[in-house]
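Close look at the chain arrangement
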Amino acid sequence: TDLPYGEFLEEIEHDRADGCVLHLVAYEQLYQIALLVPGPTDPRNTNKISRVVSISRVIDCTPETICAIREIFDRGDSVDDMKRMIENMKAVA
């Protein structure tokens, strides 16, 4: 069966020092983007950082837009700024 957004192309995760993760999935027609932020720490599990989804959206954009998002993430912009930027992108209903 076909995926709802066309053929799956690639999935990439970018980490940064503050524990945030930018998760990108490219499909033939659209992109899915998620920003994960460090969650509450579990003292029983000190080896793994828990993360919670700050925002997750399916967007209709160009590869250049995805490159710009990656650059802003790598630059260390705040989670609130990243979230606001993603929220303002054209989401797919």
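Since the model is a prediction, treat every value here as computed from it, not as a measurement. (Residues numbered from 1 in each chain as written. Predicted model: local features only at pLDDT ≥ 70, side-chain atom pairs only at ≥ 80, totals over all residues. Heavy atoms only, no water.)

Here's the deal with helix 1 (residues 63-75)
- Spanning 13 residues, helix 1 covers 18 Å between terminal C-alpha atoms, matching the ideal 18 Å at 1.5 Å per step.
- Turning to helix 1, its buried residues number three or more, namely I66, I69, I72 and F73. With its buried residues spanning 120° around the axis, helix 1 presents them on a single face. Opposite the packed face of helix 1, turned more than 90 degrees from it, sit the exposed residues E64, E71 and R75.
- In this structure, the buried residues of helix 1 make contact with strand 1 (8-15), strand 2 (21-27), strand 3 (31-38), strand 4 (51-59) and helix 2 (79-87).
- One or two residues past the end of helix 1 sits G76, with phi positive at roughly 95°. (Helix = DSSP H or I, 4+ residues; strand = E, 2+ residues; numbered from the N terminus. Expected span 1.5 Å × (residues − 1). Buried < 20%, exposed > 50% of the residue type's maximum accessible area, 1.4 Å probe, protein only. Arc of directions from axis to C-beta. Contact = heavy atoms within 4.5 Å.)

As for the packing of aromatic side chains
- For the coordinates displayed, the defined rule picks out one aromatic pair.
- Over the ring of F73 we find R16; its NZ or CZ atom is 4.6 Å from the centre of that ring. (Phe/Tyr/Trp six-rings, centres within 6.5 Å; stacked < 30°, edge-to-face > 60°. Lys NZ or Arg CZ within 6 Å of the ring centre and 35° of its normal.)

Describing the side chain of D77
- Topologically, D77 is positioned in the loop between helix 1 and helix 2.
- Of note is the side chain of D77, whose polar atom sits 2.8 Å from the side chain of R75.
- Beyond its immediate chain neighbours, meaning those up to four positions away, D77 contacts R16, I72 and M82. (Polar contact = N/O pair within 3.5 Å; in protein donor to acceptor, adjacent residues only side chain to side chain.)

Topic: the pairing of strand 3
- Burial runs high along strand 3: six of the eight residues are buried.
- One ladder, built from six bridges, connects strand 2 with strand 3; its direction is antiparallel. In the strand pairing of strand 3, A26 is matched with Y31.
- Where strand 2 folds back on strand 3, the antiparallel hairpin that results is connected by three residues.
- Alignment of strand 3 against strand 4, held across eight bridges, turns out to be antiparallel. Bridge pairing in strand 4 links P38 to R51. (Pairing = 2+ DSSP bridges.)

Remember, this is a structural readout, not a statement about activity or role.
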